[in-house]
Amino acid sequence: MRIVIATIGTRGDVQPYVALAQGLIAAHHRVTLCTHRTFQPFVEAHNVEFAPLAGDIRSLLASDVGRRLLIERNPLAAVRKLHSLAAPLLRQVMADIIDAADGADLILASTLAYPNAITASQVHRVALVLAGLQPFTPTVDFPCALLPPLRRRFPGRGLYHRFTHHAAFRLLQLTSARLANRFRRELVGLPALRYADVFGDLIAQRTPVIYGFSEHLLPRPADYAPTIEMTGFWFLDQEQMWRPSEELQDFIAKGETPIYIGFGSMADRNPEQLMQIAIAALMRSGRRGILATGWEGMRGRSPSNSILMIDGAPHDWLFPRVAMVVHHGGVGTVAAALRAGVPQIVTPFSVDQPLWAEMVFRRGVGPKPLSRQQLNVARLTEAITTTLADSQVRATARRLAGAVQAEDGVGRAVDAVNRILFAGH
């Protein structure tokens, strides 16, 4: 069977789908991953067929609007900024997914790609399944992924949680429906999509959904129907394909186990300040550190022999070799730190990161989230010192690592896809 996977976003929104694609290929499916050209070499290096999708995500996030989006805490404003960032590309994104899905037997779409893939599904009369890295199904257990869960209990909290999901759907429809429906007419002559056409099946849980995150991080809601699969994380192991530099190997080997600090693809409005906070906190805490510069993040030279700056390294290689991970809260980074069994300090920027930061705290593998707006030298120093000294956090991290390592997220997702493909046969 031919399967097309469509995903939109940063490296963290692409890498798990490469792992899923490899699992599906091993199960004798032909798989095409449709995503931004930025990631074509990465996708093809893992022997997965590539199809281009409009948008240079790196330049978008480095733009003024992109930087404001990544520090936006108001979910309504975040959706508006996301739409203004994506609107100029929407027509081409729709056209690219339609082209990629020609001849497919199934389309799997990430959370952001799903609304854009509905037209391709209708044009080619092929099933579309949400394969998400963020929870998109309404529940009483937690709010929509744009909001951090509330710690305080109050009457009607479950209703509030469910309301936030519906409100997010309505907002997405309001901000994108006019343009999306216009492009549907122009490209393929299809009638306008209504709200129920886009979100009805997801709300009613009538169709299968596959989520690539673990119940050990986000417990499965009791109101999820059997159609909702939570498979575990989709890990892409790169250790065998990657060789660390001698400098990195020597740094790790010749001293106390270092701390990793990196904020992935998050662009920051003040990257110099972010770098100085990280360096000062490491030096005040007396710890050695590895700083990953990211796309548009920290830049500069290491001020000390106790700090090494690197462009990046595969998390499956690096995280088992560090004492703790300080990061932005992308679910892929959270997952890699969980599997490595190391404590985490999460500094969420925006979008779904506050949700995962809160889950790290609730699972007992890190302190309360320290938002980018709250981040300063004193707070980060205290978080590093107290977290490393907490034997309970370390023990919990090791215990959860065993549970996460025992999961076969890709295998369970492949089984779910096969059930969908061969239902009724």
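Residues numbered from 1 in each chain as written. Predicted model: local features only at pLDDT ≥ 70, side-chain atom pairs only at ≥ 80, totals over all residues. Heavy atoms only, no water.

**Things to note about the sheet that holds strand 11 (residues 324-327)**
Phase 1 of the analysis: An order of 10-9-8-11-12 is seen for the five strands of this open sheet, with the pairing classed as parallel. The open sheet has two edge strands with one neighbour each: strand 10 (307-310) and strand 12 (344-346). Taking each pair of neighbouring strands and ignoring which way they run, the sheet shows an average axis angle of 15°.
Phase 2 of the analysis: Two strands pair when backbone bridges link them, and strand 8 (residues 259-262) and strand 11 are joined in this way by three bridges, in the parallel orientation. Note that in strand 11 the partner of Ile-261 across the bridge is Val-326. (Pairing = 2+ DSSP bridges. Helix = DSSP H or I, 4+ residues; strand = E, 2+ residues; numbered from the N terminus. Axes fitted to C-alpha atoms, helices over the stretch in contact; angles between N-to-C directions.)

**Quick look at the sheet that holds strand 1 (residues 2-6)**
Phase 1 of the analysis: Ordered in space as 3-2-1-4-5-6-7, the seven strands form an open sheet in which the pairing is parallel. Only two strands of the sheet have a single partner each, and these edge strands are strand 3 (49-53) and strand 7 (228-230). Neighbour to neighbour, the strand axes of the sheet diverge by 25° on average, direction disregarded.
Phase 2 of the analysis: Inspection of the sheet shows strand 2 (residues 30-36) paired to strand 3 by five bridges, in the parallel sense. Bridge pairing in strand 3 places Thr-32 opposite Glu-49.

**A word on the nonpolar core**
Phase 1 of the analysis: The biggest cluster of nonpolar side chains holds 90 residues, and the ones touching the most others in it are Ile-5, Leu-24, Leu-108, Tyr-211, Trp-234 and Trp-356.
Phase 2 of the analysis: Ignoring any residue separated from it by four or fewer positions in sequence, one finds Leu-24 in contact with Ile-3, Ile-5, His-29, Val-31, Leu-108, Val-414 and Val-417.
Phase 3 of the analysis: The next biggest cluster of nonpolar side chains, apart from the first, holds 25 residues, and it includes Ile-279, Met-324, Ile-345 and Val-377. (Core = buried A, V, L, I, M, F, W, Y, C linked by side-chain atoms within 4.5 Å. Buried < 20%, exposed > 50% of the residue type's maximum accessible area, 1.4 Å probe, protein only. Contact = heavy atoms within 4.5 Å.)

**Considering the packing of aromatic side chains**
Phase 1 of the analysis: Throughout the structure, instances matching the rule amount to 13 aromatic pairs.
Phase 2 of the analysis: Between Trp-242 and Trp-317, the ring centres sit 5.3 Å apart and the planes meet at 65°, which makes this aromatic pair edge-to-face. Linking Trp-242 in the loop between strand 7 and helix 10 (246-253) with Trp-317 in helix 12 (residues 315-318), this pair joins segments that are 75 residues apart in sequence.
Phase 3 of the analysis: What makes Trp-242 partly exposed here is its relative accessible area of 23%.
Phase 4 of the analysis: Owing to a relative accessible area of 6%, Trp-317 belongs among the buried residues under this scheme.
Phase 5 of the analysis: In this structure an aromatic cluster arises from ring pairing among Phe-136, Phe-169, Tyr-195 and Phe-199.
Phase 6 of the analysis: Above the plane of the ring of Phe-42 lies Arg-11, whose end atom (NZ or CZ) is 3.9 Å from the centre.
Phase 7 of the analysis: Note that Arg-339 overlies the ring of Phe-235, its terminal NZ or CZ placed 4.0 Å from the centroid. (Phe/Tyr/Trp six-rings, centres within 6.5 Å; stacked < 30°, edge-to-face > 60°. Lys NZ or Arg CZ within 6 Å of the ring centre and 35° of its normal.)

**Concerning the pairing of strand 2**
Phase 1 of the analysis: Of all seven residues that make up strand 2, six are buried, and the element is covered over most of its length.
Phase 2 of the analysis: Strand direction decides the pairing type here: strand 1 and strand 2, joined by five bridges, are parallel. Bridged to Val-4 within strand 2 is Thr-32.
Phase 3 of the analysis: Each parallel crossover has a hand, and for strand 1 linked through helix 1 (residues 15-26) to strand 2 it is right-handed. (Right-handed = clockwise from strand over helix to strand, strands pointing away.)

**Some points on the packing of helix 1 against helix 17 (residues 409-421)**
Phase 1 of the analysis: Where helix 1 meets helix 17, the closest approach of the two axes is 9 Å, and the angle between their N-to-C directions is 60°. The angle between the axes of helix 1 and helix 17 places the two elements in the oblique class. In the packing of helix 1 onto helix 17, the handedness of the crossing is right-handed. Residues Ala-19, Leu-20, Gly-23 and Leu-24 of helix 1 lie in contact with helix 17, whose contacting residues are Val-410, Ala-413, Val-414 and Val-417.
Phase 2 of the analysis: Split by residue class, the contact of helix 1 with helix 17 holds seven nonpolar, one polar and no charged. (Parallel < 35°, antiparallel > 145°, perpendicular 65-115°, else oblique. Left-handed = near helix turned anticlockwise from the far one by under 90°. Nonpolar A, V, L, I, M, F, W, Y, C, P; charged D, E, K, R; others polar.)

**With respect to the pairing of strand 5 (residues 127-132)**
Phase 1 of the analysis: Among the six residues in strand 5, five count as buried, and that is most of the element.
Phase 2 of the analysis: Note: strand 4 (residues 106-109) against strand 5, four bridges, orientation parallel. Paired with Leu-106 across the strands is Ala-127, a residue of strand 5.
Phase 3 of the analysis: Tracing the backbone out of strand 4, into helix 7 (residues 114-124) and back to the parallel element strand 5 gives a crossover that is right-handed.
Phase 4 of the analysis: Pairing between strand 5 and strand 6 (residues 209-211): three bridges, direction parallel.

**Observations regarding the side chain of Thr-7**
Phase 1 of the analysis: Relative to the elements of secondary structure, Thr-7 occurs in the loop between strand 1 and helix 1.
Phase 2 of the analysis: A polar contact of 2.6 Å, which involves the side chain of Thr-7, links it to the backbone oxygen of Asp-13. (Polar contact = N/O pair within 3.5 Å; in protein donor to acceptor, adjacent residues only side chain to side chain.)

In short, the description is geometric, and any link to function would need to be established separately.
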